Amino acid sequence: MSNIAIVFWSATGNTEAMADAVKAGAQEAGAEVSVFSASDFSADMVSDFDAIAFGCPAMGDEVLEEDEFQPMFDAALPVLNGKRAALFGSYGWGDGQWMRDWEGVCRAAGVELVCDSVIANDSPDDEAVAACKALGKALV
């Protein structure tokens, strides 16, 4: 059985709803799933999981949330080399540049992104929920 972590930050609940769908997909595929807010996850926990889904909305000028999520992710990044991972998040403006930048950072660090990232404009619609479930299954 795969042991999956879902680590996210959400201000409005949109990215949290996406995390719930990722969890459902991973569980449907038979994984054991642990869900963490960004403030409850640390780099020393990375080795406890077979794969990790990270979720964060676009903030400011299309960047990751800077007070909780970015510091946690920056600390975890050096130990994510070779780790299976996936990214998801919501946005309210822009065109998804924050996700493309985030994917680039992950690839440069050797993170194995197992599927296309999922982004949702504001609240995830049915298509985004289905994509998040597929993302969860891809981690397993």
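That block above? That's the structure.
First, a word on what this report is: a plain description of the structure on this page. (Residues numbered from 1 in each chain as written. Predicted model: local features only at pLDDT ≥ 70, side-chain atom pairs only at ≥ 80, totals over all residues. Heavy atoms only, no water.)

**Remarks on the pairing of strand 2 (residues 32-37)**
Operational definition: Two strands form a pair only when DSSP identifies at least two bridges running between them. Starting at the N terminus, helices and strands are each numbered in turn, a helix being any DSSP run of H or I of at least four residues and a strand any DSSP run of E of at least two. The handedness of a crossover follows from its direction of travel: if, with the strands pointing away from the viewer, the path from the first strand over the helix to the second runs clockwise, the crossover is right-handed.
Inspection of the sheet shows strand 1 (residues 3-8) paired to strand 2 by 6 bridges, in the parallel sense. When the sheet's bridge partners are listed, valine 7 is paired in strand 2 with phenylalanine 36. In the classification by handedness, the crossover that spans strand 1, the intervening helix 1 (residues 14-28) and the parallel strand 2 is right-handed.

**As for helix 4 (residues 126-139)**
Rules: The span one expects for a helix is its residue count, reduced by one, times 1.5 Å. Buried, partly exposed and exposed residues are distinguished by accessible area as a fraction of the type maximum, computed with a 1.4 Å probe on protein chains only: under 20%, between the cut-offs, and over 50%, respectively. In this description, one arc is meant: the one made by directions from the helix axis to the C-beta atoms. We call two residues in contact when some of their heavy atoms are within 4.5 Å.
For helix 4, with 14 residues, the first-to-last C-alpha span of 20 Å sits near the 20 Å given by 1.5 Å per residue. Taken residue by residue, helix 4 has Ala128, Cys132, Leu135, Gly136 and Leu139 as its buried positions. Angularly, the buried residues of helix 4 cover 100 degrees about the axis, an arc narrow enough to put them on a single face. Turned more than 90 degrees away from the buried face of helix 4 sit Asp126 and Glu127, all of them exposed. Buried-residue contacts for helix 4 involve strand 1, helix 1, strand 3 (51-55), strand 4 (84-91) and strand 6 (118-121).

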